[in-house]
Amino acid sequence: RKVHRYNFILRETSFTRLCTTKKMLTVNGKWPGPKIQVCKGDTAFVHVHNAGKYGVTIHWHGVKQPRNPWSDGPENVTQCPIQPGKSFTYEVTFSDEEGTVWWHAHSDWSRATVHGAIVVLPANGTTYPFRKPDAEQLLILGEWYNGDLKEIIDNATETGAAPAESNAYTINGQPGFPNKCSKETTYRLHVQYGKTYLLRLINAVMNEEMFFGIANHKLTVVAQDGAYIKPITTNYIMTSPGQTFDILLTANQPPSYYYIAASPFFDAGSIATYDSSNTSAILEYTGIFAPPASPPYPSLPNITDRAAADSFTNRLRALASPAHQINVPKKINKRLFVTVSLNQILCPGATCGGPNGNRLSSSLNNISFATSTIDILQAYYRSLPGVFTKDFPDRPPYVFNYTGDVGDNTLFTHQGTNVTMINYGAAVEIVFQGTNVEDGEFHPMHLHGYSFYSVGTGYGNYDEITSPKTYNLKDPPEVNTVALPRNGWVAIRFIANNPGVWFLHCHLERHASWGMGTVLIVKNGPTKETSIRPPPPNMPRCS
Ligand code: C2O
Ligand code: CU
């Protein structure tokens, strides 16, 4: 069990893409940022110094951080931001995740440029549950904005309108063909004929699900969100923001160039006005061959092809082998039924400038999550009153038909910082119900502090009698992010064995910033070993 140390310096760095130069916040001047590589069971201390212009936090997405929410990172949930000129050292403990996870900023929209990979190798003396690959390679999907992110989001918050779309999707920071000014800088993945590569694919995109594929090559998916799955072979992958996939690629085609590409998927109607372009990279075999005039391009599903998205996702199953056992709760003692909506907040006197004079918003159980000024973790730990209330409803306060394809503009939410209290060790089931109010699209629901079993999903309204009969309790995938259809449901289960204050939210940035989130507080167990650790002495101060 090793201890690793990393230094992250946050600073504005100049970058040029699509013939546009701008300054953006990076870690150590890199985009994507530096890779963290550990073995299962190790610990990493990451010293973050903020040399930027505004307060920032970092989150370790998919790392459970047992008993240590102090280092989890979401701004105003587990900590106050690291202010410019200040530092904070995160202690990142790797317990049982294995495979690829990642880190990203968790303040405003800064994660667009502040993110990187975390590679968790098998613990010493153990190995992959598949033949050892000849080499490994990171592929990080992202988004490039010509404009300043902070201005875009501040402007959207002020006017109540939808934020501007990105100008290109990227692979390892490069837009690639056919984007403007991208030919020379397209990312190249070099392979040798006959070798097998482990590709670690991270979806760091801000606001869209993506399809991904490589021309003429099959992909064998072996892990998802830092847990092994039964290997599946496919021509394409559907990945939600927040998700990670480990993929085996064998270079078995005639040595040449082949396009690697990703294209957005959105199952949405009228308000889907987001970037619909593709991004690409090149798979380049080493050796001597005549470069093709136009390399083959993968055929990816159409932008609205929900059947293609589902047929990929529905094949994912936990490996569930003796060496990688799973433990799906069969009897449940804490249930939550959570509606997930895009909707509006009623603004007094049409001052908000949004559609119908109101402001676009989003909610869980009709509550639009409002961040507090003191972080919820500190308020809970020190029993500070007035920061949050322990009354997040376990069902929506009123019921309507969630699945009509017409939005209901008369439904308004209210804002609050309402949390759910969960007993240590409880077997929890959460059913998320997409409501399709104001249209919407697939929501990648993400939980901090845990991975969970994605036991069931379907379209239409969840039914308490018939839906559970379709559950997979044998080998459901163990994930930290799950795609919820806008007019369907997803059920997840987990054992609440990690005490702490854990954010639960949609990983589409525009939905999260409109309030599509809540907090689960898992109470301490009976012993010191089942209780939240004391805070480190240098937590950032709240102003
Ligand atoms: Cu990857 Cu709360 O996020
Ligand atoms: Cu969402």
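Residues numbered from 1 in each chain as written. Chains lettered and ligands numbered in written order. Predicted model: local features only at pLDDT ≥ 70, side-chain atom pairs only at ≥ 80, totals over all residues.

## Concerning the overall build of the chain
Stage number 1. Helix and strand counts for the chain come out as four helices and 32 strands.
Stage number 2. Relative to a compact globule of 543 residues, whose C-alpha radius of gyration would be 24 Å, the chain shows 22 Å and is just as compact. (Helix = DSSP H or I, 4+ residues; strand = E, 2+ residues; numbered from the N terminus. Rg over C-alpha atoms; globule rule 2.2 N^0.38 Å.)

## Quick look at the sheet that holds strand 17 (residues 244-250)
Stage number 1. Strand order in this open sheet of six strands is 10-9-12-17-14-15, and the pairing throughout is mixed. Edge positions in the sheet fall to strand 10 (168-171) and strand 15 (227-234), since each has one partner strand and no second. Ignoring strand direction, the axes of neighbouring strands in this sheet form an average angle of 20°.
Stage number 2. For strand 9 (residues 135-144) and strand 12 (residues 196-203), the ladder comprises seven bridges, and the chain directions are parallel. Its bridge partner being in strand 12, alanine 135 is matched across the sheet by tyrosine 197. (Pairing = 2+ DSSP bridges. Axes fitted to C-alpha atoms, helices over the stretch in contact; angles between N-to-C directions.)

## Focus on the sheet that holds strand 8 (residues 115-121)
Stage number 1. Taken together, the four strands give an open sheet; going across it, the order is 3-8-7-5, and neighbouring strands pair in mixed fashion. Looking along the sheet, the strands with just one partner apiece sit at the ends: strand 3 (36-39) and strand 5 (58-61). On average, each strand axis in the sheet is tilted by 20° relative to the strand beside it, whichever way the strands run.
Stage number 2. For strand 7 (residues 99-105) and strand 8, the ladder comprises six bridges, and the chain directions are antiparallel.

## What to know about the UniProt feature "domain: Plastocyanin-like" (unreviewed entry) in the chain
Stage number 1. As recorded in UniProt, the feature "domain: Plastocyanin-like" (unreviewed entry) lies at residues 12-123, 137-287 and 392-524.
Stage number 2. Secondary structure within residues 12-123 divides into 0% helix and 46% strand; the distance between the first and last C-alpha atoms comes to 36 Å. (UniProt positions renumbered as here; feature names shortened; annotations may be inferred.)

## What to know about unusual backbone geometry
Trans peptide bonds make up most of the peptide bonds, and negative phi angles are found at most residues other than glycine.
Stage number 1. The amide bond that connects tryptophan 31 to the next residue, proline 32, takes the cis arrangement and shows omega of -10°.
Stage number 2. Topologically, proline 32 is positioned in the loop between strand 2 (20-27) and strand 3.
Stage number 3. That bond from phenylalanine 177 to proline 178 is cis: its omega, 0°, falls within 30 degrees of zero.
Stage number 4. Tracing the sequence through the fold places proline 178 in the loop between strand 10 and strand 11 (188-191).
Stage number 5. The phi dihedral of leucine 18 is positive, around 55°, even though this residue is not glycine.
Stage number 6. Following the sequence through the fold, leucine 18 ends up in the loop between strand 1 (3-17) and strand 2.

## As for the domain arrangement of the chain
Stage number 1. Here the domain parsing of the chain yields domain 1 (1-126), domain 2 (129-322) and domain 3 (334-530).
Stage number 2. Tallying the contact residues gives 29 residues for domain 2 and 27 residues for domain 3.
Stage number 3. Looking at the side of domain 2 that touches domain 3, its residues break down into 15 nonpolar, ten polar and four charged. (Domains from an automatic or database assignment. Contact = placed C-beta atoms within 7 Å. Nonpolar A, V, L, I, M, F, W, Y, C, P; charged D, E, K, R; others polar.)

## Digging into the environment of proline 84
Stage number 1. Looking at where proline 84 falls in the secondary structure, it is placed in the loop between strand 5 and strand 6 (87-93).
Stage number 2. Taking the C-alpha atoms as reference points, proline 84 and asparagine 50, separated by 34 residues in sequence, lie 5.2 Å from one another.
Stage number 3. Once residues within four sequence positions are removed from consideration, proline 84 is found in contact with Asn50, Gly52, Lys53 and Tyr54.

## Some remarks on the nonpolar core
Stage number 1. Counting 83 residues, the largest nonpolar core has Ile118, Leu141, Phe211, Ile237 and Ile260 as the members making the most contacts within it.
Stage number 2. Among the elements that make up this core, the one with the highest residue count is strand 18 (residues 257-265) (six residues).
Stage number 3. Shared between two domains, this core holds at least three residues of each, these being domain 1 (1-126) and domain 2 (129-322).
Stage number 4. Residues contacting phenylalanine 211, with those up to four places away along its chain left out, are Tyr236, Ile237, Met238, Ala262, Ser263, Phe265, Leu300 and Pro301. (Core = buried A, V, L, I, M, F, W, Y, C linked by C-beta atoms within 7 Å. Buried ≥ 20, exposed ≤ 12 C-beta atoms within 10 Å, placed from the backbone.)

## Quick word on helix 2 (residues 306-313)
Stage number 1. For helix 2, the full list of buried residues reads Ala309, Phe312 and Thr313. Taken end-on, helix 2 shows its buried residues confined to a sector of 95°, consistent with a single buried face.
Stage number 2. Against the buried residues of helix 2 lie strand 13 (209-214), strand 15, strand 16 (237-239), strand 18 and strand 29 (481-484). (Arc of directions from axis to C-beta.)

## Quick notes on the pairing of strand 29
Stage number 1. By the alternation rule, side chains of strand 29 split into Thr481 and Ala483 and Val482 and Leu484, which are all buried.
Stage number 2. Bridging between strand 26 (residues 443-447) and strand 29 involves four bridges; their strand directions are antiparallel. Each residue of the ladder has a partner; that of methionine 445, found in strand 29, is valine 482.

## A word on the environment of glutamate 209
Stage number 1. Tracing the sequence through the fold places glutamate 209 in strand 13.
Stage number 2. Those residues within four positions of glutamate 209 in sequence are excluded, and the remaining contacts are Met238, Thr239, Ser240, Pro264, Phe265, Phe266, Ala309, Phe442 and Ala483.

## What to know about the confidence of the model for the chain
Detail in the predicted coordinates should be disregarded across regions flagged by low pLDDT.
Stage number 1. For the chain, per-residue confidence averages 92 on the pLDDT scale, and 92% of positions sit at 70 or higher.
Stage number 2. Taken over the whole predicted complex, pTM reads 0.96, whereas the ipTM for its chain interfaces reads 0.98. (pLDDT = per-residue confidence, 0-100.)

## Considering the environment of tyrosine 257
Stage number 1. With respect to the helices, strands and loops of the structure, tyrosine 257 is situated in strand 18.
Stage number 2. The exposure class of tyrosine 257 is partly exposed, given the 16 C-beta atoms found within 10 Å.
Stage number 3. If sequence neighbours within four positions are ignored, tyrosine 257 has contacts with Ile282, Leu283, Glu284, Pro291, Pro292 and Pro295.

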